[in-house]
Amino acid sequence: MGLMRFLIYVEDPNFIGFVIRKNASDLRGAGAAYDEALDMFTKYDPNLQSTKQPMQITFSSGAKIFFTGLDGDAGMKALQGKQISAILLDEASHFTEEEIVWAESRLRTKANMIPNIWLTCNPDSSSVIFTWIKDYYLYPKGTVIDGELVEGRAIPEKDGVVRYYLKVGNNTEWGESKEELIERFGHRFPKNKETGESTASPKSFTFISATCLDNPPLLEANPDYVSTLAALPRITRERLLYGKQIAA
């Protein structure tokens, strides 16, 4: 689904998308993001063009998607000066907050859209993403529902709920609306010289959970997959079958 989201935008000739992994080598080979994208996108646009060095797909409209690794400081510098319409950070739990924020800072475009970034990952309570979602989107530690311990699993009612965040110094501050954050922290930002208003600009964020049960083609091709996951030791089963984020 992370790759398919690009299809919303690829009829715009000014669109430039990036798929970024921690290491470029993880994008290549059978089953990796570049080959999967090429297979899927060719079904959408049989006349698209592609190259493997650099890894790039160009649609008939002129829209482009690049595939690259961040690979530490060198990779971050390689993005400097780029104008990117949308970014997919794949396996985003491998990235530091600095790397995620840096990638986000490259978003600016001539395409007719609002630049945006989406992150895909597997459960990992040691990642920075966990710190962003744990207090709002996940059941807290010790939560039991109908006799079942559900701590660390996604709260269904909060799936897809939009929140807002603002970087204040080295901290990420969260709120239920842009106005709330500007009221709380706007005084820490310089004021617009013409309007006198704070330049604080909160951004939106949402978390959407998914498990293998949200992948019908996978289950159709592997009918015993759920049973296999259900037979795993409890902690591993919770992560892989239920998407649990908190280790017991």
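Preceding this paragraph is the structure being described.
Read on for a plain summary of the structure. (Residues numbered from 1 in each chain as written. Predicted model: local features only at pLDDT ≥ 70, side-chain atom pairs only at ≥ 80, totals over all residues. Heavy atoms only, no water.)

### Remarks on the side chain of R21
Within the secondary structure layout, R21 lies in strand β1 (residues 16-21). For R21, a relative accessible area of 13% translates into the label buried. Among residues more than four places away in sequence, those in contact with R21 are D26, L27, T68, G69, L70, D90, E91 and F95. (Helix = DSSP H or I, 4+ residues; strand = E, 2+ residues; numbered from the N terminus. Buried < 20%, exposed > 50% of the residue type's maximum accessible area, 1.4 Å probe, protein only. Contact = heavy atoms within 4.5 Å.)

### Some details on the layout of surface pockets
Of the volumes computed, that of the second largest pocket is approximately 270 Å³. Lining the second largest pocket we find 17 residues, and of these F18, P54, F66, F67 and T68 sit closest to its centre. Within the residue set of the lining of the second largest pocket, elements represented by two or more residues are β1, β4 (64-69) and α2 (72-78). For the lining of the second largest pocket, the element with the highest residue contribution is β4, accounting for four residues. In terms of residue class, the lining of the second largest pocket is made up of nine nonpolar, five polar and three charged. (1 Å grid on protein atoms, 1.4 Å probe; cavity = no way out; pocket = protein on both sides within 12 Å on 5 of 7 lines; lining within 4 Å. Points joined across faces, edges and corners; volume = space filled by probe spheres on them. Nonpolar A, V, L, I, M, F, W, Y, C, P; charged D, E, K, R; others polar.)

### Quick look at the sheet that holds strand β10 (residues 171-175)
Strand order in the open sheet made by the three strands is β10-β9-β11, with antiparallel pairing throughout. In this open sheet, the two strands that pair with only one neighbour each are β10 and β11 (203-205). Between one strand axis and the next, the sheet turns by 40° as a mean value, whatever way the strands run. Strand contacts of helix α5 (residues 178-185): β9 (163-168) and β10, with the helix running at about 130° to β10, the strand carrying the most contacts. (Pairing = 2+ DSSP bridges. Axes fitted to C-alpha atoms, helices over the stretch in contact; angles between N-to-C directions.)

That's the geometry; what it means functionally is another story.
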